[in-house]
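The chain contents come next:
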Amino acid sequence: MSHLKSRKLSLAKRGLSFEMFMWAFTRVTALAMYGFILLGVIGALIMGAQHHLTFVEVLRWALITNPGHVESTNLPEIAPWVSSFWRLIASGMLLTAGSHGVHGVIVILDDYLPKDNQRNWNRYLNMGIFALVALAGLYIIWTA
Amino acid sequence: MGLQRNVSLSTGLRYKGHSPFWAYILHRIGGAGMALFITIHIFSTFADQQGWKIGGLVNNLYTSVPFQIFILFCVLFHAINGLRITILDFFPQKLMPYYRQIIYVQLALFVLVFGFAAVSVVATALGRM
């Protein structure tokens, strides 16, 4: 398996290109999302999820800790679930997942778009949609 | 100039990359599925909040059992596969020689979590009938 050995160049000698940065960004945001989800699950358990929510309802809450995600459940008291803390966590998750996702979508579509101007439009359109999604999402999280 | 492709879809699907190849394909399907779902879901929830009827109609689709199972597949496969990629990339020298075995561990974990989630969705739907 000698061909699998990685090069032992330091980051300073290799240089940090945009691709290298996005490679690291994708992995760091993946771990950050695991952190957000873990926080959501632990918070849900502290707030009494084991008596009032199903497994999938806990997952839905943990993925985005938005008040709307627990509205239609059997929770007797929704107040602790609707706080600035949980809205902040939801905003963090939205922006982390959104930026991770828009990069992923652009990378996937690049594989099917051979021309330079197609690839440019791929970037403009997807980043534009992401900006709208982020604004609408933040509006929902903070006004629901 | 971008790359030129001379391989048809049917030839591409017969590519014998085995588990890492299928993990890569399913990772893309899961990611694209989530991106599409989250975009529509946020816009429809926004519409619903504004009192536009279209929002509620679209949001009702998400509560159907087949759709929930599809989106759970996307989320859980992408999350578990992504964690494997991240761990392998952070410790390449130690773990890369075992990458095929690690995919089997990942698949076992995925079947467990996804199976539990799918059973939970179906049980909840039956309970509400």
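Residues numbered from 1 in each chain as written. Chains lettered and ligands numbered in written order. Predicted model: local features only at pLDDT ≥ 70, side-chain atom pairs only at ≥ 80, totals over all residues. Heavy atoms only, no water.

## Looking at the confidence of the model for chain B
Here chain B shows a mean pLDDT of 87. Residues at 70 or above account for 95%. Overall fold confidence (pTM) sits at 0.86, and the ipTM for the predicted complex is 0.85. (pLDDT = per-residue confidence, 0-100.)

## Some remarks on the nonpolar core
With 21 residues, the main nonpolar core has Ala44(A), Ala49(A), Leu53(A), Trp61(A), Val70(A), Trp81(A) and Ile42(B) as its most contacted residues. The set of elements that each furnish at least two residues to this core consists of helix H2 (18-46), helix H4 (55-63), helix H5 (84-110) and helix H6 (116-143) of chain A. Counting residues per element, this core draws most heavily on H5(A), which supplies five residues. Among the nonpolar cores identified, the runner-up in size contains eleven residues, and Ala23(B), Leu76(B), Ile80(B) and Val121(B) belong to it. (Core = buried A, V, L, I, M, F, W, Y, C linked by side-chain atoms within 4.5 Å. Buried < 20%, exposed > 50% of the residue type's maximum accessible area, 1.4 Å probe, protein only. Helix = DSSP H or I, 4+ residues; strand = E, 2+ residues; numbered from the N terminus.)

## Things to note about the interface of chain A and chain B
Counting residues at the interface gives 36 residues for chain A and 40 residues for chain B. Of the roughly 3,000 Å² buried where chain A meets chain B, counting both sides, 67% is carbon and sulfur surface. Per-residue buried area on chain A facing chain B is highest for Arg27(A), Tyr34(A) and Phe55(A); these three make up 18% of the total on that side. Across the contact surface, chain A and chain B share two salt bridges. Taking the shortest distance from any N to any O, the salt bridge between Arg27(A) and Asp89(B) comes out at 2.5 Å. Applying the counting rule to chain A against chain B returns five residue pairs in polar contact (both at pLDDT 80 or more). Among the secondary structure elements, those contributing two or more residues to the side of chain A that touches chain B are H2, H4, H5 and H6 of chain A. Element by element, the count of residues in the side of chain A that touches chain B is highest for H6(A), at ten residues. The residue inventory of the side of chain A that touches chain B, partitioned by class, reads 23 nonpolar, seven polar and six charged. (Contact = heavy atoms within 4.5 Å. Buried area = accessible area lost by both parts, 1.4 Å probe. Salt bridge = Lys/Arg side-chain N within 4 Å of Asp/Glu carboxyl O. Polar contact = N/O pair within 3.5 Å; in protein donor to acceptor, adjacent residues only side chain to side chain. Nonpolar A, V, L, I, M, F, W, Y, C, P; charged D, E, K, R; others polar.)

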